[in-house]
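The primary structure of each chain is shown beneath.
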Amino acid sequence: MKLIHKDIEKDNAGQVTLVPEEAEDMWHTYNLLQVGDSLRASTIRKVQTESTTGSVGSSRVRTTLTICVETIDFDSHACQLRVKGTNIVENQYVKMGAYHTIELELNRKFTLAKKCWDSVVLDRIDQACDAAQKADVAAVVMQEGLANLVLVTPAMTLLRAKVEVTIPRKRRGSCTQHEKALERFYEAVMQAILRHINFDVVKCILVASPGFVKDQFITYLFKEAVRQDNKLLLENRPKFMLVHSSSGHKYSLKEILSDPTVTSRLSDTKAAGEVKALEDFYKMLQHEPDRAFYGVAHVEKAADALAIDTLLISDKLFRHQDVPTRSRYVRLVDNVRDNGGNVRIFSSLHNNEQLFVGISGCNQYFLY
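Quick notes on the rules
Residues numbered from 1 in each chain as written. Predicted model: local features only at pLDDT ≥ 70, side-chain atom pairs only at ≥ 80, totals over all residues. Heavy atoms only, no water. Helix = DSSP H or I, 4+ residues; strand = E, 2+ residues; numbered from the N terminus. Buried < 20%, exposed > 50% of the residue type's maximum accessible area, 1.4 Å probe, protein only. Contact = heavy atoms within 4.5 Å. Areas by Shrake-Rupley, 256 points an atom, 1.4 Å probe, with all protein chains shown as cover. Pairing = 2+ DSSP bridges. Axes fitted to C-alpha atoms, helices over the stretch in contact; angles between N-to-C directions. Salt bridge = Lys/Arg side-chain N within 4 Å of Asp/Glu carboxyl O. pLDDT = per-residue confidence, 0-100. Parallel < 35°, antiparallel > 145°, perpendicular 65-115°, else oblique. Nonpolar A, V, L, I, M, F, W, Y, C, P; charged D, E, K, R; others polar.

With that out of the way, let us pick up the overall build of the protein. Along the backbone of the protein there are 10 helices and 17 strands. A burial count over the protein gives 49% of its 368 residues as buried. Nonlocal contacts in the protein, meaning residues at least 24 apart in sequence, comprise 65% of its contacts between residues at least 6 apart. Looking at the protein as shown, the accessible area adds up to about 18,900 Å², and 49% of this sits on carbon and sulfur atoms.

Structural data, given as structure tokens:
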């Protein structure tokens, strides 16, 4: 995300102009938008025209509209964001008060105006515009006949490819069909890796499976890389890391990221930091249950008593459309930060549970 212009007044009202540069930026934008905001962006509008002879025709024109946001729709798989609202600035093609849906596009700027920019939203902009906070972990979670290739970014887990190939069983005296199907499967996974992983950005590629599937795949991958003289794969061989998983389904990713060897390898990524923080909470819950409480009231009391050292909270709570409820969570975050505590905002698009946790020196709090 690129920040073009930022104008925030002392009363926290103002506007920012941003340019989404990649798919993940749409997720950040989704978290910035709220009902009642003003959004100005380029869009396509179908316009009816009447000629001098009385015939009516229609055409699609590109124009810039400013709408008051009423509905926000985000498609997490396609990373598409549609915003519906009423036109609030006079336009030659759209009447005042007319409804329009803007689909935000990559590399096209938009301006977002709010009556109140709170600390959580401003932090989200800083995070989105930080060039260092990009997808630096990829994972291939697989089993015989099934593979999921995902990118783990600081804000979300993106499924980039799903490979499914029917593998016949081995038959007595002949394994030819089984081996040919496995080879087709490994080839399809290899092509998915080459197509979807940017080796200039990704620091580590986790290959996980039950049994020896991962080992057989890696053997095939680099045997083919040598045969095809694929320098891209050969030069990035140290980035591949083999990990055990219980299955080839996407939900096994949480189990993979919890592995201590993986955590140490990914110690500088936000995703691994979130997993470790969650593991610390579960350990305290298991070994010292008298220090664990849940419920928003308990967390607020702990914050008032300056007892929270680290607060873990889901970004889903900040998308609450009820302003007083959202403000309550923002005040809690500000309270913890003002008193020297740490705040980790978990993405609800990661495989971690959607949660709200506070960990303190004397007490620990948890809330779904």
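On to the sheet that holds strand 4 (residues 56-75). Pairing within the open sheet is antiparallel, and its seven strands lie in the order 1-2-7-3-4-5-6. Two strands in the sheet have a free side with no partner beyond their single neighbour: strand 1 (2-8) and strand 6 (99-103). Each adjacent strand pair in this sheet contributes to an overall mean axis angle of 35°, direction not counted. With eight bridges joining them, strand 4 and strand 5 (residues 80-87) adopt antiparallel strand pairing.

Here the focus is the pattern of salt bridges. Evaluation of the coordinates by the stated rule reveals 11 salt bridges. Between Arg124 and Asp315 there is a salt bridge, with its nearest N and O atoms 3.3 Å apart. A residue pair is termed long-range when its members are at least 10 positions apart, and Arg124 in helix 2 (residues 119-129) and Asp315 in the loop between strand 14 (308-314) and helix 10 (323-338) qualify at 191 residues. The exposure class assigned to Asp315 is buried, which follows from its relative accessible area of 2%. A cluster of three or more residues bridged by salt bridges with shared partners is formed by Arg62, Glu105 and Arg108.

Of note in this structure, Asn12 is not a glycine but carries a positive phi near 70°. Mapped onto the elements, Asn12 comes out in the loop between strand 1 and strand 2 (14-19). Residue Asn12 is classed as partly exposed on the basis of its relative accessible area, which comes to 33%.

Moving on: the confidence of the model for the protein. Averaged over every residue, the pLDDT of the protein is 84; the share at 70 or more is 89%. Summarising per-element confidence for the protein, the mean pLDDT is lowest in strand 16 (residues 356-360) (43) and highest in strand 7 (residues 110-114) (96).

Below, the discussion takes up the packing of helix 3 (residues 176-196) against helix 4 (residues 213-228). Close contact between helix 3 and helix 4 brings their axes to 10 Å; oriented N to C, the two are set at 70°. Judged by the inter-axis angle, helix 3 sits roughly perpendicular to helix 4. Within the contact between the two elements, helix 3 uses Glu183, Tyr186, Glu187, Val189, Met190 and Ile193 and helix 4 uses Val213, Gln216, Phe217, Tyr220, Leu221, Glu224 and Gln228. Of the residues that constitute the contact of helix 3 with helix 4, the class distribution is eight nonpolar, two polar and three charged.

Before going further, it helps to spend a moment on the sheet that holds strand 8 (residues 137-143). Pairing is mixed in the open sheet, where five strands are placed in the order 10-9-8-11-12. Of all the strands in the sheet, just strand 10 (157-164) and strand 12 (240-244) have a single pairing partner and so form its edges. Direction aside, the axes of adjacent strands within the sheet are offset by 20° on average. Both strand 9 (residues 146-152) and strand 10 contribute to a ladder of seven bridges, which runs antiparallel. Note on strand 10: the bridge partner recorded for Asn148 is Lys162. Contacting strand 8, strand 11 (204-209) and strand 12, helix 4 crosses the sheet at an angle of about 160° to strand 12.

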